[in-house]
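# Summary of structural features
Here is what each chain is made of, one letter per residue.
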Amino acid sequence: MSKEPQTATPGSDQRRYWNRVAPEKNFTTPLPLDLLLPRLQPEARILDYGCGYGRALRTLHDAGFANTVGLDSSTAMIERGRAQWPDLNLQSCPGRAIPFADHAFDAVLLLAVLTCLPRDADLEALLHEVRRVLRPGGLLLVNDFLLGADERNQARYARFVAQGLPLGVFNLPEGATMRHFAPERLRELLADFSELAWREQTFTTMNGNSARGVTVLAQNA
């Protein structure tokens, strides 16, 4: 049995991990079309940031949204998606900056993306970029993982709190540093947006575990 690493490295570049696991990981957090369909026209410009291999873009395209683009820092994830769905617009994006003009999109998706950014500075920088590329009144859809109250999660959080890291940071056994959020911390991060919906529910993680999660729909000021 592999052991969970004892030292978190939240400042490190984790693209190597995502490139390595790209062929095997399947993402399962929900894309709630019921929140999007009443609010977006078929021609809406939609960005899926941290799109992985494009599974959410596939769902959007099949629902009638054709003006979509997916960005991901993992070239291997993008290559997997292009091979599986060559009709989707999937692009590699190695940095935090989003390579589009101000107000370029009507909606931005962040599906299990914030969990991959354990450092506060990276979270805040990404959300600043999201606000920039969203038009006024544009929609932000976030789903992510909340703090778990179970013994396993509390133990792995405690290791890194002792190192001075935020509550919720932990390492996966295979090497990536991740983060779960207190609801109030997630709301703080999204404070520049107007909350339209907040749904707490149980998600299945990419490793097949059940976890506490939330889906948030918010609107750019």
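Higher on the page you've got the structure.
Quick summary incoming for the structure in this document.

## What to know about the sheet that holds strand 5 (residues 134-145)
One open sheet holds the 7 strands; their spatial order is 3-2-1-4-5-9-8, and the pairing between them is mixed. Each having just a single partner strand, strand 3 (90-92) and strand 8 (193-204) make up the two edges of the open sheet. If you compare each strand with its neighbour and ignore which way they point, the axes differ by 15 degrees on average. As paired elements, strand 1 (residues 46-49) and strand 2 (residues 68-72) share 4 bridges and run parallel to each other. Residue pairing in the sheet places Ile46 in a bridge with Thr68 of strand 2. Sheet contacts for helix 4 (residues 75-84): strand 2 and strand 3; angle to strand 3, the most-contacted strand, approximately 160 degrees. The strands that helix 5 (residues 120-133) touches are strand 1, strand 4 (105-111), strand 5, strand 8 and strand 9 (210-220); relative to strand 5, the one it contacts most, it runs at about 145 degrees.

## Digging into helix 6 (residues 151-161)
Of all the residues in helix 6, the buried ones are Asn153, Arg156, Tyr157 and Phe160. When helix 6 is viewed along its axis, its buried side chains cluster within an angular range of 100 degrees and face the same direction. Lining the buried residues of helix 6 we find strand 6 (169-171).

## Comments concerning the nonpolar core
Counting 39 residues, the largest nonpolar core has Leu31, Leu36, Leu40, Ile46, Leu60, Leu109 and Leu141 as the members making the most contacts within it. Mapped by element, the contributors of at least two residues to this core are helix 1 (15-21), helix 2 (33-36), helix 3 (55-62), helix 4, strand 4, strand 5, helix 6 and strand 6. For Leu36, the residues in contact, after removing those within four places along its chain, are Leu31, Leu60, Leu109, Leu141 and Leu217. Formed by 31 residues, the second largest nonpolar core is a distinct cluster that contains Val69, Val113, Leu190 and Trp198.

## A word on helix 4
Buried within helix 4 we find Ala76, Met77, Ile78, Arg80 and Gly81. Contacts made by the buried residues of helix 4 are with helix 1, strand 2 and strand 3.

## Looking at the pairing of strand 9
Summarising burial for strand 9: 8 of the 11 residues are buried, a large majority. Here 7 bridges tie strand 5 to strand 9, and the two strands are oriented antiparallel to one another. Of the residues in strand 9, the one forming a bridge with Phe145 is Gly213. Summarising the sheet, strand 8 and strand 9 pair through 11 bridges and their orientation is antiparallel. Of the residues in strand 9, the one forming a bridge with Arg199 is Thr215.

Rules behind the numbers
Residues numbered from 1 in each chain as written. Predicted model: local features only at pLDDT ≥ 70, side-chain atom pairs only at ≥ 80, totals over all residues. Heavy atoms only, no water. Pairing = 2+ DSSP bridges. Helix = DSSP H or I, 4+ residues; strand = E, 2+ residues; numbered from the N terminus. Axes fitted to C-alpha atoms, helices over the stretch in contact; angles between N-to-C directions. Contact = heavy atoms within 4.5 Å. Buried < 20%, exposed > 50% of the residue type's maximum accessible area, 1.4 Å probe, protein only. Arc of directions from axis to C-beta. Core = buried A, V, L, I, M, F, W, Y, C linked by side-chain atoms within 4.5 Å.

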